[in-house]
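Structural characterization, general
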Amino acid sequence: MAHRTQAVELARDHFIESGVVSGTVREVVGQSWQRSTQAGVNPELVEPAYAAGLGDSDMHRLVGNVLASAAAQLGDEPVSMIFADAAGHVIHRACTDSALGRRLERVSLAPGFTYAEESVGTNGIGTTLLTRTPTLIVGSEHFTEPLMMFACAGAPVHHPISGALVGVLDLTCAAGVSNGLLLSYARSIAERIEAEILAKVSVSELTLLRDYLAACRHATGPVLALGDEVVMMNRLTQQRLDVADRTALVARTGDAIGENAPLTLVADLPSGTVARLDYRPTSVGPRVVGGVFRVQLQEPSKLLGGGGSRHLRPVSVSLPGVAGTSPEWVRVILQLRDAHRTGAWVVVEGEPGVGAFSVARGIHLAHSPERHFRVLDAAASDADPEAWFDALVDELSTDEGTLVIRHLDRLNATLVESVASLLVEHSDRSQGAARWVVATRTPSTRSEAVETQVVPCFDRTVVLEPLRHRPEDIRVVIPHLLRSLSPNRELHISQSAVNQLTRHPWPGNVGQLRDTLRKIVTTKRSGTIELADLPPECMAVGRRSLTPLEALERDAITRALDDHGGNKALAAQHLGMSRATIYRKIRGYMIDPRP
């Protein structure tokens, strides 16, 4: 055994120096070493990425219960039980041996950290995820030196219904005390997890699976099935659509879930492809428990010709100063048009920068441009509450026109009761009249007093979805904003640049997109905006908000990649960081390294 261990250690050292795998190394290990090298993993360090907020799901809680039970059976044995999800993120760790626990902490083998092979090299979790077979990695078979003290046995865990890979059950102990039983026990616990998942599978999930499999048998294109806790998609969905398109497609299906009748949806995907989704509900008795979507894909070029593809064009609703084509956008516009026609008072709710005020102004300009238009900002009511209230009284006393009360959720607390009484008084006599009142608010800063006293004075609330939930609108908004920012210039934007901007999450919504384009227009005054003209923050498509320091680091990496034609090694050398570090940060910031 000692001779075998020494031989593997020598083979590892030889591979690190030469890149050549010797014959004494198991094939699964040699292949993993090669993948680790290609991913830029540092063989001397363990630098796993960290992601907070994982493990908060019914399935992960179920896994935690199984691990707790198995740990109780192990007693004080120096073995740690670890469960990682399908992306390699450690979700649970059960370890009763304090000395082993401290060693695991030193290599960040703990909840929240990523032990995918591309992050830390060959190991029981990451290598099992890639091979999809039970895998034992002992001592020097690990690619990174700090992990060589351990033996790790990983067994894949699959969903017993969909067959999808749920994660990996890993048993880790000191390399010197491992044996073949470690892998057998890992398999046993993985089977217990799968059995528990099966026991929890409901009749509704089984019914949804039946409908999904029936659709897949005759499918020539993508098929999706969604339930309360289940998302299934066939291989054609994964082959024909990238991650951004699949994410947008799943988001679009949310408009149909719960509907008890078949319907058809249309979605513009970030790549420019248009998807038609034919929805059929799945029911258990009278209750709808999910649905199956058969998807037809149409390339943009095919939509511009004649024939049967014309009906896939998105609906366009034109308003002065705003633009959009998505079903979510159209629904909001139609609701506000109806409210304006009937004189119904409306609260428009949306994230900052989403365009709630612009939509209200657009409705006024489109349907009553000759009438009075007034804006009162409730955020300014703190400066002089009495003067603000007097202005509201004067405005409500007029017989016609549109009043927009912006930032209703930030109304001065001392005014809430008075404003509510005033609105009730005037709403009673304004029904059907030419006076239209609209208020805007954000969902993140709701005031309980405003919510319970002022909001009920309005007839309805309309929610304007954030831009990240309406990716097809980004393609319409971009040229609209460019025309407003450079009205006297011949400035266009390439399809590749539009596609990249569509992938960006835009946490600041249309306001952030406008600021970004304004920055571009200051340097690009004519011609066509290309991918290289986009600012660094647009090349990262992650959904997490970055700290100022992280944003600076992301921008520096993006610029270095751009300066060196996408070459990660040269960019890392330029920035003074290791290749492993720049690979990890590119993944963490979700930077597109293509030149």
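No experiment lies behind these values; they were computed from the predicted model shown. (Residues numbered from 1 in each chain as written. Predicted model: local features only at pLDDT ≥ 70, side-chain atom pairs only at ≥ 80, totals over all residues. Heavy atoms only, no water.)

**A short note on the overall build of the protein chain**
Secondary structure summary: the protein chain contains 22 helices and 17 strands in total. In terms of principal-axis extent, the alpha carbons of the protein chain reach across some 95 × 60 × 60 Å. Expressed as a percentage of its 595 residues, the buried residues of the protein chain come to 48%. Restricting to contacts in the protein chain with at least 6 residues of sequence separation, those with at least 24 account for 65%. (Helix = DSSP H or I, 4+ residues; strand = E, 2+ residues; numbered from the N terminus. Buried < 20%, exposed > 50% of the residue type's maximum accessible area, 1.4 Å probe, protein only. Contact = heavy atoms within 4.5 Å.)

**Describing the sheet that holds strand E5 (residues 165–174)**
Ordered in space as E2-E1-E5-E4-E3, the five strands form an open sheet in which the pairing is antiparallel. Two strands lie at the open edges of the sheet, namely strand E2 (90–94) and strand E3 (135–138), each paired on one side alone. When strand polarity is set aside, the average angle formed by the axes of neighbouring strands in this sheet is 20°. Relative to E5, helix H6 (residues 124–131) is tilted by about 145°, and along the sheet it contacts strand E1 (80–85), E2, E3, strand E4 (150–158) and E5. (Pairing = 2+ DSSP bridges. Axes fitted to C-alpha atoms, helices over the stretch in contact; angles between N-to-C directions.)

**Let's talk about helix H22 (residues 579–589)**
With eight of eleven residues buried, H22 is to be regarded as a mostly interior element. Every buried residue of H22 is listed here: Ala580, Thr581, Ile582, Tyr583, Arg584, Lys585, Ile586 and Tyr589. Just downstream of H22 lies Met590, where phi reads positive at about 55°.

**Some words on the pairing of strand E10 (residues 287–298)**
Sheet topology places strand E6 (residues 223–227) next to E10; five bridges connect them, and they run antiparallel. If you follow Ala225 over to E10, its bridge partner there is Val292. Between strand E9 (residues 274–284) and E10, which pair antiparallel in sequence order, lie two residues; one of them, Gly285, sits at a positive phi of approximately 65°.

**A look at the packing of aromatic side chains**
Considering all chains together, one arrives at six aromatic pairs under this definition. Seen in terms of ring centroids, Phe15 and Trp33 are 5.6 Å apart; in terms of plane orientation they differ by 35°. Their pairing is tilted. Of the two residues, Phe15 is situated in helix H1 (residues 2–18) and Trp33 in helix H2 (residues 27–38); the sequence distance between them amounts to 18 residues. For the pair shown, Phe15 and Trp33 are each scored as buried. Centroid distance Tyr279 to Phe293: 5.1 Å. Interplanar angle 40°. Geometry classified as tilted. Here Phe293 lies in strand E10 and Tyr279 lies in strand E9, a separation of 14 residues in the sequence. For the pair formed by Tyr279 and Phe293, the shared burial category is buried. Through pairs of rings, three or more aromatic residues link up here, namely Phe15, Trp33 and Phe143. Looking at Arg406, its charged tip hangs above the ring of Phe357, at a distance of 4.3 Å from the centre. (Phe/Tyr/Trp six-rings, centres within 6.5 Å; stacked < 30°, edge-to-face > 60°. Lys NZ or Arg CZ within 6 Å of the ring centre and 35° of its normal.)

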